[in-house]
Amino acid sequence: MDSLNLDEPHSMGTTIIGVTYDGGVVLGADSRTSTGVYVANRASDKITQLTDNVYVCRSGSAADSQIVSDYVRYFLHQHTIQLGQPATVKVAANLVRLLSYNNKNMLQTGLIVGGWDKYEGGKIYGIPLGGTILEQPFAIGGSGSSYLYGFFDQAWKEGMTKEEAESLMVKAVSLAIARDGASGGVVRTVTINADGVTRNFYPGDTLPLWHEEIPAQNSLLDILSAPSPEPMSM
């Protein structure tokens, strides 16, 4: 038990993803928040609202990502009042970038900003550690992202439908959960387009199982008697 330090900083562990599709964006994340090897929260919500049309996926230090999100939400609220119209995705992402860069020696958080506005449509911006900003057709972050780069090179395509993007998101997060010990729990997605925002929730026991994963069981006896899993299929 010596290695189980419950006073360690809370880390998102995390798999976060943002994907553009023909008409909007889909953001997705797992729900595991860890403190060292201890799971502090198995159903956390890592997709945070900044404005009505812009959301952010948070990874890294939970405290750092929350305070950046809170500051950006406050500034964007002031911005919206002054302009009399919603902030664009680019403005929101650049505010996140400004705070991340100016405080890069103190913050340990990587963020993905996604949303829709009437000027540029659906946009995804990645803001990794250090405060760089990258506009991308898709962005992945967190500890689980290491397992997904090759998958996205193969699976992402231009002009996907909303349903294709949502399906890709759930498949990608479940693949990361299968390999990354710091990712787990449920899958949450947020779809943003001209019609508004739709949130979806996928419980852990409904996610696809991949190579050597064991199905959810109610009893240890069920696990011991369960057959070997089928090989994964793409």
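Because the structure is a prediction, the values reported are computed rather than measured. (Residues numbered from 1 in each chain as written. Predicted model: local features only at pLDDT ≥ 70, side-chain atom pairs only at ≥ 80, totals over all residues. Heavy atoms only, no water.)

Scanning the entire structure with this criterion turns up five salt bridges. Residue D45 is joined to R199 by a salt bridge in which the shortest nitrogen-to-oxygen separation is 3.3 Å. Of the two residues, D45 sits in the loop between strand 4 (38–41) and strand 5 (47–49) while R199 sits in strand 12 (residues 196–202), which places them 154 residues apart along the sequence. The exposure class assigned to R199 is partly exposed, which follows from its relative accessible area of 38%. (Salt bridge = Lys/Arg side-chain N within 4 Å of Asp/Glu carboxyl O. Helix = DSSP H or I, 4+ residues; strand = E, 2+ residues; numbered from the N terminus. Buried < 20%, exposed > 50% of the residue type's maximum accessible area, 1.4 Å probe, protein only.)

What follows concerns the packing of aromatic side chains. Evaluated as defined, the whole model comprises five aromatic pairs. Centre to centre, the rings of F138 and F152 are 5.1 Å apart; their planes meet at 20°, and the pair counts as stacked. You can see F138 sitting in strand 10 (residues 138–141) and its partner F152 sitting in helix 3 (residues 149–155), a full 14 residues away along the chain. We note that F138, like F152, is buried. In this structure an aromatic cluster arises from ring pairing among F138, F151, F152 and W156. The aromatic ring of Y101 is capped on one face by K104, whose charged end is 3.8 Å from the ring centroid. (Phe/Tyr/Trp six-rings, centres within 6.5 Å; stacked < 30°, edge-to-face > 60°. Lys NZ or Arg CZ within 6 Å of the ring centre and 35° of its normal.)

Core analysis: the largest hydrophobic core is formed by 23 residues, its most contacted members being I17, V19, L148, F151, F152, W156 and M160. For this core, the leading source of residues is helix 4 (residues 162–179), giving nine residues. The residues contacting V19, other than those within four sequence positions of it, are G24, V25, V26, I124, P137, F138, F152, W156, M160, A165 and M169. Core analysis: the second largest hydrophobic core is formed by 18 residues, V54, V72, A93 and V113 among them. (Core = buried A, V, L, I, M, F, W, Y, C linked by side-chain atoms within 4.5 Å. Contact = heavy atoms within 4.5 Å.)

What follows concerns the packing of helix 1 (residues 62–83) against helix 2 (residues 89–102). Two elements in contact, helix 1 and helix 2, have axes whose closest approach is 10 Å; the angle formed by their N-to-C orientations is 135°. Comparing their axes, helix 2 and helix 1 come out oblique. Both helix 1 and helix 2 take part in a crossing whose hand is right-handed. Residues V68, Y71, V72, F75, L76 and H79 of helix 1 lie in contact with helix 2, whose contacting residues are V91, A92, L95, V96 and L99. By residue class, the composition of the contact of helix 1 with helix 2 is ten nonpolar, one polar and no charged. (Axes fitted to C-alpha atoms, helices over the stretch in contact; angles between N-to-C directions. Parallel < 35°, antiparallel > 145°, perpendicular 65-115°, else oblique. Left-handed = near helix turned anticlockwise from the far one by under 90°. Nonpolar A, V, L, I, M, F, W, Y, C, P; charged D, E, K, R; others polar.)

Okay, the sheet that holds strand 10 next. Spatial strand order, 10-1-2-11-12: five strands in an open sheet with antiparallel pairing. With partners counted over all chains shown, the strands left at the sheet margins are strand 10 and strand 12, one partner each. Averaged over all pairs of adjacent strands, the angle between strand axes in this sheet comes to 15°, irrespective of strand direction. Bridge count between strand 1 (residues 16–21) and strand 10: four bridges; the pairing is antiparallel. Its bridge partner lying in strand 10, I16 is registered against G141. The strands touched by helix 4 are strand 1, strand 2 (24–29), strand 11 (187–193) and strand 12; relative to strand 1, the strand with the most contacts, the crossing angle is about 160°. (Pairing = 2+ DSSP bridges.)

A word on the pairing of strand 11. Of all seven residues in strand 11, seven are buried, a share of seventy percent or more. Side chains V187, T189, T191 and N193 of strand 11 all project onto a buried face; the interleaved residues R188, V190 and I192 project onto the opposite face, where all are buried too. Note that strand 2 and strand 11 share six bridges and pair antiparallel. In the sheet register, V25 faces strand 11, and the bridge partner there is I192. Summarising the sheet, strand 11 and strand 12 pair through seven bridges and their orientation is antiparallel. Paired with V187 across the strands is Y202, a residue of strand 12. Following strand 11, the chain reverses through two residues before pairing antiparallel with strand 12.

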